[in-house]
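Residue-level listing of the chains:
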Amino acid sequence: MEEIYKGKFLHYRKTGNWEWVTRPNDISAAVIAAVTDKKELILIEQFRVPMNAPVIELPAGLVGDDGYEGEQSYKAAQRELEEETGYLAKNFKKVVHGPVSAGMSDEANDLYIAWDLDKVSEGGGVDDEEIITHLVPFEELHSFISKKQAEGCALDLKVFVGVYFLQKEGLI
């Protein structure tokens, strides 16, 4: 393996003909598929520079992010859900761990489902994130996604993985 470039958040590597990125210090992310008592899926919308567009996605964040070194994945999931959406969950369950983009990165995420939620703050993220929270009734999910895509939003496909596990658990 050859290290081609080391940035603050990503390292660019080459193994044979394969070029890929990794996060320093084995940082991963926790992703949360949360559902309200009214069967509303909590989605967020935020501008993502690599996509040059707003993206509809599940709440998520880096484990051990600035000031949270040594943090456990489930603690990051709880923290990020509150920071981004303003909700705390009484029930959290880790349902899967898997790669984000296996052909480009060694990064893997933990996906949690969350329910029995309490609204405790405004959310919106930290610093300059400018996150918009959407509460989407499950039966309106398809039309919501179609509308947001027509408006120019990209869709993070992890949304569908979250929906799968929420359905599997009988939460939506």
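Up top is the structure.
Residues numbered from 1 in each chain as written. Predicted model: local features only at pLDDT ≥ 70, side-chain atom pairs only at ≥ 80, totals over all residues. Heavy atoms only, no water.

Novice: Explain the pairing of strand β5 (residues 40–48) to me, using residue names and the numbers behind them.
Specialist: With seven of its nine residues buried, β5 lies for the most part within the structure. With six bridges joining them, β5 and strand β10 (residues 132–137) adopt antiparallel strand pairing. Bridging across to β10, Leu-43 finds its partner in His-134. Note that β5 and strand β6 (residues 53–57) share five bridges and pair antiparallel. (Buried < 20%, exposed > 50% of the residue type's maximum accessible area, 1.4 Å probe, protein only. Helix = DSSP H or I, 4+ residues; strand = E, 2+ residues; numbered from the N terminus. Pairing = 2+ DSSP bridges.)

Novice: Kindly report on the packing of aromatic side chains, identifying the contributing residues and their values.
Specialist: This structure, assessed with the given rule, holds two aromatic pairs. For the pair Phe-92 and Tyr-112, a centre-to-centre distance of 6.0 Å together with 65 degrees between the ring planes defines the contact as edge-to-face. Here Phe-92, found in strand β8 (residues 87–99), pairs with Tyr-112, found in strand β9 (residues 108–119); they are 20 residues apart in sequence, far enough to count as distant. We classify Phe-92 as partly exposed; its relative accessible area is 22%. Using a relative accessible area of 5% as the deciding quantity, one classes Tyr-112 as buried. Ring geometry for Tyr-164 versus Phe-165: centroids 4.9 Å apart, planes at 80 degrees, classification edge-to-face. For Phe-165, a relative accessible area of 12% gives the class buried. (Phe/Tyr/Trp six-rings, centres within 6.5 Å; stacked < 30°, edge-to-face > 60°.)

Novice: Kindly report on the sheet that holds strand β2 (residues 11–15), identifying the contributing residues and their values.
Specialist: Pairing is antiparallel across the open sheet formed by three strands, whose spatial order is β1-β2-β3. The outermost strands of the open sheet, each flanked by one partner alone, are β1 (2–6) and β3 (18–22). Here the average twist between neighbouring strands, direction ignored, is 25 degrees. Relative to β3, β2 is paired through five bridges, and the arrangement is antiparallel. By the bridge assignment, His-11 is partnered in β3 with Thr-22. (Axes fitted to C-alpha atoms, helices over the stretch in contact; angles between N-to-C directions.)

Novice: Explain the nonpolar core to me, using residue names and the numbers behind them.
Specialist: Judged by nonpolar contacts, the single largest core of 22 residues is most densely connected at Leu-41, Leu-43 and Leu-58. Mapped onto this core, the elements with two or more residues apiece are β4 (29–34), β5, β9, α2 (141–150) and α3 (158–168). When residues of this core are assigned to their parent elements, the largest contribution, four residues, is made by α3. In contact with Leu-41, not counting residues within four places along its chain, are Ala-34, Val-35, Leu-58, His-134, Leu-135, Val-136, Leu-141, Val-159, Val-163 and Leu-166. Among the nonpolar cores identified, the runner-up in size contains 13 residues, and Ala-30, Tyr-112, Ala-114 and Leu-117 belong to it. (Core = buried A, V, L, I, M, F, W, Y, C linked by side-chain atoms within 4.5 Å. Contact = heavy atoms within 4.5 Å.)

Novice: How would you explain the sheet that holds β9 if you had to name every residue and give the values?
Specialist: Ordered by their spatial adjacency, four strands build an open sheet running β7-β4-β9-β8, and the pairing between neighbours is mixed. Each edge of the open sheet is held by one strand with a lone partner, namely β7 (60–62) and β8. Neighbour-to-neighbour, the strand axes of the sheet open up by a mean angle of 25 degrees, direction not taken into account. Lying over the sheet, helix α1 (residues 73–85) contacts β4, β7, β8 and β9, oriented at roughly 120 degrees with respect to β8. Running at roughly 60 degrees to β9, α3 makes contact with β4, β8 and β9 of the sheet.

Novice: Now, about α1: what can you tell me, with residues and values included?
Specialist: Spanning 13 residues, α1 covers 18 Å between terminal C-alpha atoms, matching the ideal 18 Å at 1.5 Å per step. Looking at α1, one finds that the buried residues are Ser-73, Ala-76, Ala-77, Arg-79, Glu-80, Leu-81, Glu-83, Glu-84 and Thr-85. Check the buried side of α1 and you find it contacts β4, β5, β7, β8, β9 and β10. Looking at the residues trailing α1, positive phi occurs at Gly-86, about 85 degrees. (Expected span 1.5 Å × (residues − 1).)

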